[in-house]
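Below are the chains, spelled out letter by letter.
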Amino acid sequence: DGSCDATGTVSSEGEGETIGNMDDFEDTRQQDEDYEKKIKSLQDRLANDAEVLNSVKEELADKEASHASKVDRLMETLDATKNTAKDKLENIRAEFTANDNHRQEQVGELRAMLESAQMRCELMQGEHVEVLRMQAGRGAGKKDDETESLRHQLACALEGKRIAEGRVE
């Protein structure tokens, strides 16, 4: 505790003269031994604490290395997953582009079929009108003209239906 056990009292004997008595001071040898024991104890504790500190530092370094390794593995996995996802996305885009091109080709074919059907329908209507004129000129009955007109309209409607079904496919 660092305090001195010496009393420090000085005896005085008589008439104003002060004389120091060596018996007034306790033996300092015991005190020195106690201090040396205390110092040794503190040095041992300090050495032990240093060992514990080194052990903790090593454990911390091991854990940090382990965490760094885990982070590296996770980052590699993330990069691989990211690249795989990117490749899949590119493949899907390419597939959609190919499908879109195919659909555009189909739409072009359907438009060509529609134009052809419309032209045939117009030709048939023209022929129908001519047939009606010829029949009218020959004096054919009105019922026959209506029947022929209805047949012609039916043929055009069936052609239109076939074109519409082709679009759906």
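The structure under discussion appears in the preceding block.
This is a predicted model, so every value here is computed, not measured. (Residues numbered from 1 in each chain as written. Predicted model: local features only at pLDDT ≥ 70, side-chain atom pairs only at ≥ 80, totals over all residues. Heavy atoms only, no water.)

K.L.:
Is there a simple way to explain the overall build of the protein in this structure?
P.N.:
In terms of helices and strands, the protein carries two helices and zero strands. Going through the 169 residues of the protein one by one, you find that 7% of them count as buried. Residue pairs at least 24 apart in sequence account for 54% of intrachain contacts in the protein once pairs closer than 6 positions are excluded. Summed over its atoms, the accessible surface of the protein is roughly 14700 Å², and 53% of this surface lies on carbon and sulfur atoms. (Helix = DSSP H or I, 4+ residues; strand = E, 2+ residues; numbered from the N terminus. Buried < 20%, exposed > 50% of the residue type's maximum accessible area, 1.4 Å probe, protein only. Contact = heavy atoms within 4.5 Å. Areas by Shrake-Rupley, 256 points an atom, 1.4 Å probe, with all protein chains shown as cover.)

K.L.:
Would you take a moment to explain the pattern of salt bridges for this structure?
P.N.:
Should their charged atoms come close, side chains of opposite charge can pair. In total, this model carries four salt bridges according to the counting rule given. For Glu-59, the salt bridge goes to Lys-63, with nearest N and O atoms at 3.4 Å. Placement of both Glu-59 and Lys-63 in helix α1 (residues 28-138) is noted, with a separation of four residues, approximately one turn of the helix. Taking the relative accessible area as the measure of exposure, Glu-59 reaches 44% and is therefore partly exposed. Among the residues examined, Lys-63 registers a relative accessible area of 47% and is labelled partly exposed. Between Glu-159 and Arg-162 there is a salt bridge; the shortest N-O distance is 2.7 Å. In this pair, Glu-159 and Arg-162 both sit in helix α2 (residues 142-168), three residues apart, roughly one turn of the helix. (Salt bridge = Lys/Arg side-chain N within 4 Å of Asp/Glu carboxyl O.)

K.L.:
I would appreciate a short explanation of a nonpolar patch on the surface in the present structure.
P.N.:
Where nonpolar side chains cluster on the molecular surface, the patch consists of Val-71, Met-75 and Leu-78 and spans about 270 Å² of accessible area. Inspection of the secondary structure puts Leu-78 in helix α1. (Patch = residues over 30% accessible without salt bridge, like charges linked within 9 Å, V, L, I, M, F, W, Y side chains within 5 Å.)

K.L.:
Explanation requested: a negative patch on the surface in the structure shown.
P.N.:
A contiguous patch of negative charge on the surface is contributed by Asp-32, Glu-33, Asp-34 and Glu-36. Note that Glu-33 resides in helix α1. (Lys, Arg positive; Asp, Glu negative; His and termini not counted. Charge placed at Lys NZ, Arg CZ, Asp CG, Glu CD.)

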